[in-house]
Amino acid sequence: MEVLAYLIPISLLLGGVGLVAFVYTVRSNQYDDPEGDARRILNDEWDDKPRP
Amino acid sequence: MTAQATPARAACPGCVAAPVESTSPVPEDVQIALSLPGIHCSACIATVERELNAHPGVEAARVNLTLKRALVKATPDIRAAELIPVLERAGFEAHELDPGALSATQTDKAGRDLLMRLAVAGFASMNVMLLSVSVWSGATDATRDMFHWISAAIALPAIAFSAQPFFTIAWSALRVRRLNMDVPIVLAILLALLTSIWETALSGEHAYFDAALTLTFFLLAGRYLDYRTRAAARSAAEELTALEVPRAIQIVDGTEEEVAVASLNVGDLVLVRPGGRMPVDGEIVSGQSELDRSLLTGETLPVFAEVGLRVSAGEVNLTGPLTIRATAVGEDTSLHRMADLVAIAESGRSRYTSLADKAAKLYAPGVHILSALSFLGWYIYSGDIRTALNIAAAVLIITCPCALGLAVPAVTTAASGRLFRNGMLIKHATALERLAEVDTVVFDKTGTLTSGVPELTDLGDHSRSDLEIALALAEASSHPLSLALAKAAREAGITPAILRDVVEVPGYGTEGCYRDQRVRLGRAAWVGGEDGEQTAAWLASGSHPPLRFTFTDSLRSGAAEAIAAFRAAGKDVILISGDAQGAVQALAGKLGIENWIAKALPQDKATKVQELSDQGRHVLMVGDGLNDTAALAAAHVSISPASALDAARVASDIVLLGNDLSPIAEACDTARKATRRIRENFRIATVYNVIAVPLAVAGLATPLIAALAMSTSSITVSLNALRLR
C-alpha cells in the first residue's frame, strides 16, 4: 500500500496540470472562434512553412 | 444606413456630393470591424484575409467565423468604406460595424468566470471520483478514511470557489423570503458536505464529496450553456445596432463636419446626402429631393420634398442633397417616442411563465418537504440524528435538479444554434416556447414580404426607341426607380440612346436633349402625366403624350415559400399594411392571402393584433417598420428582418439575419420540437427521481447509487437535447 504515497500525489498533480493548461487556453482567447479554428486547419496556405 | 462621409472612391457611384475631408488623423492604428454575413468555410476565411491583407494600409486582418466578423488593424487613413468594395469584388457581402457599440463583447468577463468555475468543479470532481471509486471497490478502515480526508481537502476549496454563483443567487432569493431553484441546490451541496465531514470524522462508510462536486459541475454546465446562448444572442443584437454607424454631417459656419448623431442639438443644420437616412426630426431649409418613408408608414410611393417640409428621423433621402434644421434630436425624435409604446406592451409579455419556471415552482417546495419529512421520519423511528441527517442529505442529492438544470438550457442551446445557422437570432429567453404556440401569423407588407426594391412591370408595352431614351435618362440618376428601369432595360438588351446635356433635377427627375428635342423622365407632374395609385415614372419625348412606366415592389425571396408553409401547417395568415389598397391587394393575390387590410395606421395594426389575442389566438407578428413597432410588441411573439429599424428590432423577439424569409416557417417547426424536447427532458428527470427517491427515503441509497442516478439522468437529457441539432 506504500505505492499510494506516490500515486495519489501523482494523480493530483496530473489533474492540476490539466486544470492549469485549461486556464491557460481560456486566458489566451482560444475559445473565441471555435468554428473558425475548426475550419482553419483545412486551409493549405501555410502548409509548407509557418506563417511569418 | 446613416449618412456618412465616403472617400473619393466610394462604393456608391451616385453620391453626387463631393467627399468631405476626413477628420484629423490619429497617429495610432485604427480598429475596423466588418460584418461578413456570407462567410461559411475555410476558403472564405482564407480569401477574406488575403484580400484584406493585400490592401495597402491594412496591417492585420483576422476573421472570426463564429461571429461572422472580420477585425482589421489598419493605418488611420483607412476607412471601412474602402475595404467594403474590396471584399465585394471578391464576392463577399460586407458591412461596417460601429466598434463603439461592439466594445462590450470584447471582454466577456462573466462568461470566462463561469468557465473557470466549471473547469475547477470538473477537475476536482474527476479527482474525487477517482478516490471514491477506490472506496466503492472495497477500500476499508484507515485507507478509506484517508481517501475520504483527501476528498474533503479537494472538495471543500473547490466548492467554495465554483459554487459561488449558486450561493449568491440563493442568498438573494432567501433575503426577500422567496424560494428559487438555487435554494435546494445550495442546501443539497452544503448538507452533503456537512454530513460527509461528520461521517469521515467518525470513520463512517458513506461520504458524498463526489456527489457534491458532480452536482456543482453539471449545474454549472447548464448555467454556462444558458449564458452562452444568451451572450451569443446579445452580441449578435449588438452587431445589428453597430451596423448603423451613428454619424451625421453637420454644417457649421458653412463648412461640413462629420459628427456623431448623439452630439447634434436642436437648431443645428444637418446635411443629408442622397441615400442617407435622416438622423433627426427637422425641417428642410434648402434642397429638393424625394423621400422614402416606407420604414415609417409602409407607403412605397416616394414623397416629394422641398423647402419647408417636416421630416422625421428614419426617412431616407433619395435624389438630391437636403439641408435640414433639427427640431428634435435623440430621445425626442418620433422614432424614439415609439419606444414608450413598446415598453408598455413588453410588460405584458414578461408575464409569460416559461416551462422552467413552472417546473421550479413545483420542484423547490416539493424537494424541501420530502427531505424534511424523511429527516423527521427517520429521527422519530431511529432516534439517531446522524442517520436521519444522512438520509435527508441523500434525498436532497438524489432529487438534485441536475437534469432539470440541464433540461432547458441544453435544448435552447441546441435549438438556438440550429436557428442561428439558418439565419435567425433568438433574442428573448422564452421566445422559442412562445413561437411554438403560434396559430396566427400577421405580416407587414413593405420591407417584410417585399424587399423595398422596385421592379419594372411593363417593359414589353414600350417601343424600343422610347426604352433607349428612357434608359439613357435613367442611367444618369441613382433614384430607385431609375435604377430599376435601367436594370430591366439592360437585361432586355436595350442600348441607351445618345443624349446631350443630361442633368438630374433633384426631386423631379432627369432631363436631356435627344436630336434637339427635350426629353424628360421623372415625376408625373413634372413630365405632364397623371398621378395614379401605382408607383410610376413618366417619360416625355417629342410630341406624343407622356408614357407611363409602372413599377411594383419586388417580392422578398422566400416570402412565397414561408406563406405556403404556414398555410400548409394550418395557420391563419393575415396581411396588414399601411400602403395603398391597390398595391396590397395585388400582393395578397399573388401570395394567395385571403385576409388583408390596407391603409392601416400604426394603431390599427396594434389593435388588430390585440383583438386577435383577445380571441385567444397566439399571434406571430412579422414586421420591419416604425409603424409595426407597437404591433410587434403587442403580439405573442414577433420577428423582424435585420433591415428593419432599430426600434422594430428592439421590439421583436427574433431577428431574421439574412434576406430570405423562408426560415420563419422552419423556425416555428424547430420551436415546437424544442418545446417537445424540454417536456421530454422533464419527464426523463422525473422517471429517474421516481426510481431513486424511494431508495433514498428508505435509507438504501449509497453514494454509488447517487452518483449513477445523477450522471445518467444528466447525460440522458443532454443527449436528448442534441437530437435537435
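Just so it is clear, the structure is predicted and the values come from calculations on it, not from any experiment. (Residues numbered from 1 in each chain as written. Chains lettered and ligands numbered in written order. Predicted model: local features only at pLDDT ≥ 70, side-chain atom pairs only at ≥ 80, totals over all residues. Heavy atoms only, no water.)

Caption draft 1: Representation of the sheet that holds strand β14 (residues 424-426) of chain B within the structure. All names here are of chain B. If you walk across this open sheet you meet the seven strands as β14-β26-β25-β24-β15-β22-β23, and the pairing is mixed. Two strands close off the open sheet at either side, each with one partner strand: β14 and β23 (595-597). Ignoring strand direction, the axes of neighbouring strands in this sheet form an average angle of 20°. Where strand β25 (residues 637-641) lies against strand β26 (residues 654-656), three bridges are found, and the strand directions are parallel. The residue bridging I639 from the neighbouring strand is I654, located in β26. Seen against the sheet, helix α21 (residues 602-614) touches β15 (440-443), β22 (572-576), β23 and β24 (619-622) and runs at an angle of roughly 160° to β24. (Pairing = 2+ DSSP bridges. Helix = DSSP H or I, 4+ residues; strand = E, 2+ residues; numbered from the N terminus. Axes fitted to C-alpha atoms, helices over the stretch in contact; angles between N-to-C directions. Contact = heavy atoms within 4.5 Å.)

Caption draft 2: Expanded view of the pattern of salt bridges. Residue and element names in this part refer to chain B. Taken as a whole and judged by the stated rule, the model has 22 salt bridges over all chains. In this structure, E290 engages R523 in a salt bridge whose closest nitrogen and oxygen atoms are separated by 2.0 Å. Residue E290 is found in strand β9 (residues 289-292), and its partner R523 is found in the loop between β19 (517-522) and α18 (524-527); the two are separated by 233 residues along the sequence. A relative accessible area of 7% means that E290 is categorised as buried. Between K487 and E491 there is a salt bridge; the shortest N-O distance is 4.0 Å. Of this pair, K487 and E491 both sit in helix α17 (residues 480-491), four residues apart, roughly one helical turn. With relative accessibility at 55%, the residue K487 sits in the exposed group. (Salt bridge = Lys/Arg side-chain N within 4 Å of Asp/Glu carboxyl O. Buried < 20%, exposed > 50% of the residue type's maximum accessible area, 1.4 Å probe, protein only.)

Caption draft 3: Quick look at the side chain of D466 of chain B. Residue and element names in this part refer to chain B. With respect to the secondary-structure elements, D466 resides in helix α16 (residues 464-474). R515 provides the closest opposite charge to the buried, unpaired D466, separated from it by 10.0 Å. Beyond its immediate chain neighbours, meaning those up to four positions away, D466 contacts L539, S541, H544 and L547. (Lys, Arg positive; Asp, Glu negative; His and termini not counted.)

Caption draft 4: Spatial organisation of the interface of chain A and chain B. Between chain A and chain B, the contact holds 24 residues from the first and 26 residues from the second. Of the roughly 2,200 Å² buried at the junction of chain A and chain B (both faces included), carbon and sulfur atoms supply 62%. Between chain A and chain B we count two salt bridges in total. Scanning the region where chain A abuts chain B turns up three residue pairs in polar contact (both at pLDDT 80 or more). Secondary structure elements with two or more residues in the side of chain A that touches chain B: α1 (3-27) and α2 (34-40) of chain A. Tallying contributions element by element places α1 of chain A first for the side of chain A that touches chain B, with eleven residues. (Buried area = accessible area lost by both parts, 1.4 Å probe. Polar contact = N/O pair within 3.5 Å; in protein donor to acceptor, adjacent residues only side chain to side chain.)

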